[in-house]
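Reading the structure
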Amino acid sequence: MAKTATLNLLRHHPLLNPIHAFSAVRSLSLCSSKKDPDLESALTRNRRWIVNNQIKNLLLRSPDQTSTVRSLQKRFRTLDLQGNALNWLRKYPCCFETFINGGDGEQSFRLTKRMLELVEAEEATRESRQPILVDVLSKLLMMSRHRRIGASKFASLKRGFGFPDDYPVSVIARHPERFRIINYGGRRSTMEIELVKLDENLAVPSPPSVVTDPAEVESRAVAVVREILSMTLWKKASIAKLGRFRREFGFPERLDSLLVRHPSVFYVSNRYRIHTVVLREGYIGSELVEKDPLVVVKERFGELMEGGLHEYNQRRCAKNLEEKRRKGLVKKRIDGGEEGRGGGSEGCGGGEKGRKGGIYDAEARRRFYKVLFEDDAH
């Protein structure tokens, strides 16, 4: 009798019963919106060149803009990648070229000429966006409590706005009449960016006040998040990173719950296990309503990457077809085409359908993402 009572207690205990435990963990997870296929597609498309952009930046920081494949392999985990680094580089022949270093005979890689041209275009675009960056930083500081933002916190969002890594020099130091960096705590973690002078031509929500009315607090938080997202390149941001600004912007503790309560304004996604908020008015379907000049350059990078991957897939497909022909699994037709098990030009993305849609039809896109996120075993 006592044994049965003990088993019942264990079965219904919220921490020991797997079902209750799962429910408890799930209740602590962040909220998300009902799936929107168009916006999910936009988030997927934006991610596809993130890794190669990071590799590009690694090369640009190298003294001679070259690096060894071995050093890239060591960084693979930090790039959230698995597999062979050399295989990854060879998937994007339009972006990276590999070579044997004559000095030590080690396999190395560098940017292609076309990639270097895009790097120059990106730098020129960044310089032309200087007035935009000044306004963005001014607006953020005007919306914050005491007109100040922690430098380390801002650094976590700077890329979303299109700020360069050297923004303290290229933006803040260039405009001492607008900004300054202060450090009352004497530690690197206490450095703050402060607004020196307000710009009356910029209209933004007022800084958080002592008002405690829940409806007013929520209304202001919605307005601030909307303004922040409207200034980002992709009209989106990580909820976790936004949540770090609770004190500066007066955000509630459960920012995700607030965002989900306003589905006409925000879309909350948990794709890639990263909760992201998207400004709905920034998109028509899966396309941005307005594209920042820097977005246009980055999309050219994405197109170059996709074209290179398509080229890689075609070469690999031709190699596989030749291997099947050698083993007798594919036989030639009289008209010069191919037929047989596993053969046919359509199997390699060719044929009339493949030529018509190219890398933009559904099947080609499926192959693109398969190769992008699933590295070869060879």
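This section reports on the structure supplied with the text. In this text, all values refer to a predicted model and were calculated from it rather than measured experimentally.

Turning to the overall build of the protein chain, a few remarks are in order. When helices and strands are tallied, the protein chain shows 17 helices and 13 strands. Scored against the burial criterion, the 378 residues of the protein chain give a buried share of 44%. Within the protein chain, residue pairs in contact and separated by at least 24 positions form 65% of the contacts whose partners lie at least 6 positions apart. Total accessible area on the protein chain is roughly 21900 Å²; 53% of this is exposed by carbon and sulfur atoms.

Attention now moves to the pattern of salt bridges. This model, assessed by the stated rule, comprises 22 salt bridges. In this structure, the salt-bridge partner of Glu-299 is Lys-291, at a minimum N-O distance of 2.9 Å. Each of the salt bridges in this network shares a partner with another, and the network as a whole consists of Lys-56, Glu-122, Arg-126 and Lys-298.

Take the packing of helix H8 (residues 130–143) against helix H11 (residues 214–231) next. Put simply, H8 and H11 touch, their axes get as near as 11 Å, and they point 165° apart. The angle between the axes of H8 and H11 places the two elements in the roughly antiparallel class. Remark: the crossing between H8 and H11 carries left-handed chirality. Residues Val-136, Lys-139, Leu-140 and Met-143 of H8 form the contact with H11, whose participating residues are Arg-220, Val-224, Glu-227, Ile-228 and Met-231. For the contact of H8 with H11, the residue count by class is six nonpolar, no polar and three charged.

Buried within helix H9 (residues 151–161) are the following residues: Ala-151, Lys-153, Phe-154, Ser-156, Leu-157, Lys-158 and Phe-161. Gly-162 lies just past H9 and shows a positive phi near 90°.

The subject of this paragraph is the sheet that holds strand E3 (residues 107–111). A sheet is described by the order of its strands in space; here three strands give the open sequence E1-E3-E2, paired in antiparallel fashion. Looking at which strands have only one partner, the edges of the open sheet turn out to be strand E1 (66–68) and strand E2 (96–100). Strand-to-strand, the axes of this sheet are offset by a mean angle of 30°, without reference to chain direction. Note that E1 and E3 share three bridges and pair antiparallel. Directly across from Thr-66, in E3, lies its bridge partner Arg-110.

Another point: the sheet that holds strand E5 (residues 179–182). Within the open sheet, the three strands sit side by side as E4-E6-E5. Their pairing is antiparallel. Edge positions in the open sheet fall to strand E4 (148–150) and E5, since each of these has one partner strand only. Across this sheet, the average inter-strand angle for adjacent strands is 25°, counted without regard to direction. In this structure, E4 lies alongside strand E6 (residues 192–195), joined through three bridges in antiparallel fashion. Across the sheet, residue Ile-149 finds its bridge partner in E6, namely Ile-193. Where H9 meets the sheet, it contacts E4 and E6, and its direction lies at approximately 75° from that of E4.

Attention now moves to the environment of Val-225. Tracing the chain through its elements places Val-225 in helix H11. For the pair formed by Val-225 and Leu-255, sequence separation is 30 residues and the distance between their alpha carbons is 9.8 Å. Residue contacts for Val-225: discarding those within four places in its chain leaves Leu-242, Phe-251, Leu-255, Leu-259 and Phe-266.

Under the defined criterion, the tally for this structure stands at seven aromatic pairs. Plain terms: the ring middles of Phe-96 and Phe-109 are 6.3 Å apart, the flat faces sit at 85° to each other, and that makes the pair edge-to-face. Placement of the pair is Phe-96 in strand E2 and Phe-109 in strand E3, with a sequence separation of 13 residues. You'll find Phe-96 and Phe-109 in the same group, each marked buried.

With 34 residues, helix H15 (residues 293–326) should cover 50 Å at 1.5 Å per step; its first-to-last C-alpha distance of 50 Å lies within 8% of that length. The N-cap of H15, judged by a side-chain oxygen 2.8 Å from the amide nitrogen of Leu-294 a few residues on, is Asp-292. Gly-328 occupies a position one or two residues after H15 and carries a positive phi of about 80°.

This next bit is on the pairing of strand E9 (residues 276–279). Alternating positions in E9 separate into two faces, Thr-276 and Val-278 on one and Val-277 and Leu-279 on the other, with burial throughout. Where strand E8 (residues 266–269) meets E9, four bridges bridge the pair, whose relative direction is antiparallel. For Phe-266, the partnering residue across the bridge sits in E9 and is Leu-279.

Backbone geometry at Arg-147 places phi at a positive 60°, although glycine is not the residue there. Here Arg-147 is to be found in the loop between H8 and E4. The backbone of Lys-235 shows a phi angle near 55°, a positive value even though the residue is not glycine. Here Lys-235 is to be found in the loop between H11 and strand E7 (236–238). Residue Lys-235 is classed as buried on the basis of its relative accessible area, which comes to 16%.

So, on to the state of the cysteines. Overall, the coordinates contain zero disulfides when judged by the stated rule. Cysteine Cys-94 is unpaired, with the sulfur of Cys-95 as its nearest cysteine sulfur at 6.4 Å. The exposure class assigned to Cys-94 is buried, which follows from its relative accessible area of 11%.

Reading the values: rules and limits
Residues numbered from 1 in each chain as written. Predicted model: local features only at pLDDT ≥ 70, side-chain atom pairs only at ≥ 80, totals over all residues. Heavy atoms only, no water. Helix = DSSP H or I, 4+ residues; strand = E, 2+ residues; numbered from the N terminus. Buried < 20%, exposed > 50% of the residue type's maximum accessible area, 1.4 Å probe, protein only. Contact = heavy atoms within 4.5 Å. Areas by Shrake-Rupley, 256 points an atom, 1.4 Å probe, with all protein chains shown as cover. Salt bridge = Lys/Arg side-chain N within 4 Å of Asp/Glu carboxyl O. Axes fitted to C-alpha atoms, helices over the stretch in contact; angles between N-to-C directions. Parallel < 35°, antiparallel > 145°, perpendicular 65-115°, else oblique. Left-handed = near helix turned anticlockwise from the far one by under 90°. Nonpolar A, V, L, I, M, F, W, Y, C, P; charged D, E, K, R; others polar. Pairing = 2+ DSSP bridges. Phe/Tyr/Trp six-rings, centres within 6.5 Å; stacked < 30°, edge-to-face > 60°. Expected span 1.5 Å × (residues − 1). Polar contact = N/O pair within 3.5 Å; in protein donor to acceptor, adjacent residues only side chain to side chain. Disulfide = S-S within 2.5 Å.

Read these as geometric descriptors, not functional statements.
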